[in-house]
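Residues per chain, in single letters:
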Amino acid sequence: MIPRLLNRSFIRLAKIGLGLSKNLRVTPVIEIHRQKHFGSQLNRGQSKGKKRHEFREVKSNDEENEDESSDLMKTLNNLEYETIVSSAMHVSNRQIEQEIFIIQPYIKWGPRKSNSKPDHQLNEAEALIRSIPNWNIAQSVKIGVDNFDKRTVFGPGQLENFKAIISKSKNTKNRITAVFVSKGMLSRHQKLSLEQDFGVPVLDRYSVVIQILRLHATSAEAKLQVAMAEIPYIWTQMGDLDSKGVAKGQVFYTDAQKELLKRREVKIKEELQRIRSQRMLLRRKRTNKNFPIVAVVGYTNAGKTSLIKALTNEESMQPKNQLFATLDVTSHAGLLPCKLNVIYMDTVGFMSDIPTQLIECFIATLEDAMLADVILHVQDIAHENYEAQKKHVESTLEDLFNKMSDDHQEGHLPPVINVGNKIDLFQGDIEQFSEMEVVSSKTFSGINDLLQTLENAILQTTKRRKMTIKVRSGGEESAWLYKNTAVTHTEEDPKSSEHILMHVVISDPTLQQFRHKFIGS
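Values in this document were obtained by computation on a predicted structure and should not be read as measured data.

1. Observations regarding the sheet that holds strand S3 (residues 98-107)
The parallel open sheet is built from four strands, whose spatial order is S4-S3-S5-S6. Edge positions in the sheet fall to strand S4 (135-145) and strand S6 (202-203), since each of these pairs with one other strand and no more. Looking at chain direction, S3 and S4 are connected through 10 bridges and run parallel. In the strand pairing of S4, Phe101 is matched with Gln139. Its contacts with the sheet place helix H5 (residues 118-130) against S3, S4 and strand S5 (178-181), and it is angled at close to 155° to S3. Along the sheet face, helix H6 (residues 156-169) touches S3, S4 and S5 and points at about 165° away from the line of S4.

And the structure:
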């Protein structure tokens, strides 16, 4: 049986030009395959379990999905669409050198005034530009405005000053090639008016973030979500024809281009719904396997991936000091002090002043965080604006969870553990952080305390308990407990040489199964 299976698989793999390791793997029955959704095998550190192995093929059937994947890639890599998105958003997959003039507007007073100081907002705008290769900051300024509702955003005097700066740069080596107005999303009329005044392309935060996401999206799933995020923006930039057939807007689309956008939107939505369904199935499987889920969320570049690496000792993880480094929700196995296996979900980072529809395009993957057993909210306490970042993440989580509740979920957000990261970079009194777990993912300071706090939360949320069970040494009961519970340690029974004491972490349903199987009979 096995040789025939191997032979058929080798032939199939040879036909589609893939190596054996991608589609066929010898794996213990109790393990879950290390597919894309699982960053490491789940039984790491587990010493006992079934020894029987079997050959299994991974879930995806490349031979059957080859045509479908090819069609999807054609949709994503359509040259005509690239022309449309370039004209509407000024984004490109090519890394062309740019000299950017950053203008950070901020509302001076009133209910729409930001919680972040203008200097912090400007620093974040500069960090966004620095995240893009070959994009340089020619000059940056912050400017107070009464509101963002004006057709040109800025007052006449401010506009003239900006136009003079751009004009003066034309005779220098740092000639300004684009202006970044660091506001969530400019209206079509605002963008058109500013580009006419400045004579160069104008970008807002939405389009700059899309440029960063395009560069960081490597998997088909991430590319789909970024592609979906582009489409609402493109529609907002669409202009109409006047009575003489002249385009009134910044971008005018032909009927063929509009049809292309509609087809693309439908196709991507279908694929994202399919991904959402697959993730729902994977969550059910994880639930059946009884693995607790820990979602790790936070502001972009707060150190989420670094924290997971510190909690799991997973050497393959490579944290990056850049904005939006993580786009795919990836899973990583960890072990709590009580020897209970858990799965850490690494998620895409949040950022303030980004339209909700951009974040909502990642709902297919962020659902994993919303439906976790416990959430670790990672905060960069060394950042001067960490309090505003914390509030933004909390409000975004609530908004996303409410949207999921409107769709098909009910209930409340999972328990949240606040984690103050980068304590090694913090200058000040750490006593102010007494209500959170303070750690350093770099030096591992506080990691053990965080693990213990996380363990307590997991046991309470998943209704597990620590208990000691007396069983016969080498008997069927001990083998069953090793398979179905987390065995912390064992010791000889001082009252009986034929028995051992097994210290385990066990859920109520599993305890009932044990009693029914070994005690009730």
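Once you've had a look at it, read on.
2. Describing the UniProt feature "binding site: Mg(2+)" (unreviewed entry) in the protein chain
What UniProt calls "binding site: Mg(2+)" (unreviewed entry) maps, in this numbering, to Thr305 and Thr326. Position of Thr305 relative to the elements: it lies in helix H11 (residues 304-312).

3. Focus on the packing of aromatic side chains
When we look at a pair of aromatic rings, we describe it by the centre distance and by the angle of the planes. Using the criterion set out here, one finds eight aromatic pairs in the structure. Between Tyr206 and Tyr233, the ring centres sit 5.1 Å apart and the planes meet at 40°, which makes this aromatic pair tilted. Here Tyr206, found in helix H8 (residues 205-216), pairs with Tyr233, found in helix H9 (residues 220-236); they are 27 residues apart in sequence, far enough to count as distant. Summarising the burial analysis for this pair, Tyr206 and Tyr233 share the class buried. Geometrically, the ring pair formed by Trp480 and Phe518 is edge-to-face, given 6.1 Å between the ring centres and 75° between the ring planes. Placement of Trp480 in helix H16 (residues 476-484) and of Phe518 in helix H17 (residues 508-519) is noted, with a sequence separation of 38 residues between them. Feature note: the residues Phe101, Phe154 and Phe162 constitute an aromatic cluster, connected by ring pairs.

4. As for the packing of H16 against H17
The contact between H16 and H17 brings their axes to 12 Å, and the two run at 160°. For the element pair H16 / H17, the angle class is roughly antiparallel. Of the two possible hands of crossing, H16 and H17 adopt the one that is right-handed. Together, Glu476, Glu477, Trp480, Leu481 and Asn484 of H16 and Thr510, Gln513, Phe514, Lys517 and Phe518 of H17 make up the contact between the two elements.

5. Thoughts on unusual backbone geometry
For Asn134, which is not a glycine, the phi torsion comes out positive at approximately 70°. For Asn134, the position within the fold is in the loop between H5 and S4. Positive phi, close to 70°, is recorded for Asn301, a residue that is not glycine. By the element assignment, Asn301 lies in the loop between strand S7 (293-298) and H11.

6. As for the nonpolar core
Met89, Phe180, Val208, Ile210, Ile234 and Leu358 are the most contacted members of the largest nonpolar core, which has 63 residues in total. Top element by residues in this core is H9. It accounts for nine residues. Dropping the residues within four chain positions of it, Leu358 is found in contact with Tyr206, Val209, Ile210, Leu213 and Ala229. Listed in part, the 27 residues of the second largest apolar core include Leu307, Ile417, Leu450 and Leu451.

7. Description of the pattern of salt bridges
Pairing between side chains of opposite charge can happen when the charged atoms of each approach one another. Considering all chains together, one arrives at 15 salt bridges under this definition. Note that Glu230 is salt-bridged to Arg214, the shortest N-O span being 2.5 Å. Residue Glu230 is found in helix H9, and its partner Arg214 is found in helix H8; the two are separated by 16 residues along the sequence. Arg214 matches Glu230 in its accessibility class, with the two residues each being buried. Between Glu265 and Lys269 there is a salt bridge, with its nearest N and O atoms 3.5 Å apart.

8. Examining the packing of H8 against H9
Close contact between H8 and H9 brings their axes to 10 Å; oriented N to C, the two are set at 160°. Relative to H9, the element H8 lies roughly antiparallel. Seen along the crossing, H8 lies across H9 with a hand that is left-handed. Residue-level inspection shows Tyr206, Ser207, Ile210, Leu213 and Arg214 of H8 in contact with H9, the latter providing Val226, Ala229, Glu230 and Tyr233. By residue class, the composition of the contact of H8 with H9 is six nonpolar, one polar and two charged.

9. Things to note about the sheet that holds strand S14 (residues 486-492)
Pairing between the strands of a sheet comes from backbone hydrogen bonds, and it takes one of two forms, parallel or antiparallel. With antiparallel pairing, three strands are arranged side by side in an open sheet as S13-S15-S14. In this open sheet, the two edge strands, each paired with only one partner strand, are strand S13 (464-472) and S14. Across the sheet, the mean angle separating the axes of adjacent strands is 20° when strand polarity is ignored. Taken together, the nine bridges between S13 and strand S15 (residues 499-507) define a ladder with antiparallel strand orientation. Pairing of Arg472 across the sheet is with His499, part of S15. Against the sheet, H16 touches S13, S14 and S15, its axis set at about 155° to S13. Contacting S13 and S15, H17 runs over the sheet at an angle of about 140° to S15.

10. Digging into H11
The element H11 is extensively covered by neighbouring structure, given that seven of its nine residues are classed as buried. Tucked inside the fold, the buried residues of H11 contact S7, strand S8 (330-335), strand S9 (341-346), strand S10 (374-380), strand S11 (416-421) and helix H15 (447-461).

11. Remarks on H16
Considered for burial, the residues of H16 that qualify are Glu477, Ser478, Trp480, Leu481 and Tyr482. Its buried side turned inward, H16 meets S13, S14, S15 and H17.

12. Re the environment of Asp204
As for its position among the elements, Asp204 is in the loop between S6 and H8. A C-alpha to C-alpha distance of 6.3 Å links Asp204 and Gly184, two positions 20 residues apart in sequence. Those residues in contact with Asp204 that lie beyond four places of it in its chain are Phe180, Val181, Lys183, Gly184, Met185, Leu186 and Tyr233.

Conventions used here
Residues numbered from 1 in each chain as written. Predicted model: local features only at pLDDT ≥ 70, side-chain atom pairs only at ≥ 80, totals over all residues. Heavy atoms only, no water. Pairing = 2+ DSSP bridges. Helix = DSSP H or I, 4+ residues; strand = E, 2+ residues; numbered from the N terminus. Contact = heavy atoms within 4.5 Å. Axes fitted to C-alpha atoms, helices over the stretch in contact; angles between N-to-C directions. UniProt positions renumbered as here; feature names shortened; annotations may be inferred. Phe/Tyr/Trp six-rings, centres within 6.5 Å; stacked < 30°, edge-to-face > 60°. Buried < 20%, exposed > 50% of the residue type's maximum accessible area, 1.4 Å probe, protein only. Parallel < 35°, antiparallel > 145°, perpendicular 65-115°, else oblique. Left-handed = near helix turned anticlockwise from the far one by under 90°. Core = buried A, V, L, I, M, F, W, Y, C linked by side-chain atoms within 4.5 Å. Salt bridge = Lys/Arg side-chain N within 4 Å of Asp/Glu carboxyl O. Nonpolar A, V, L, I, M, F, W, Y, C, P; charged D, E, K, R; others polar.

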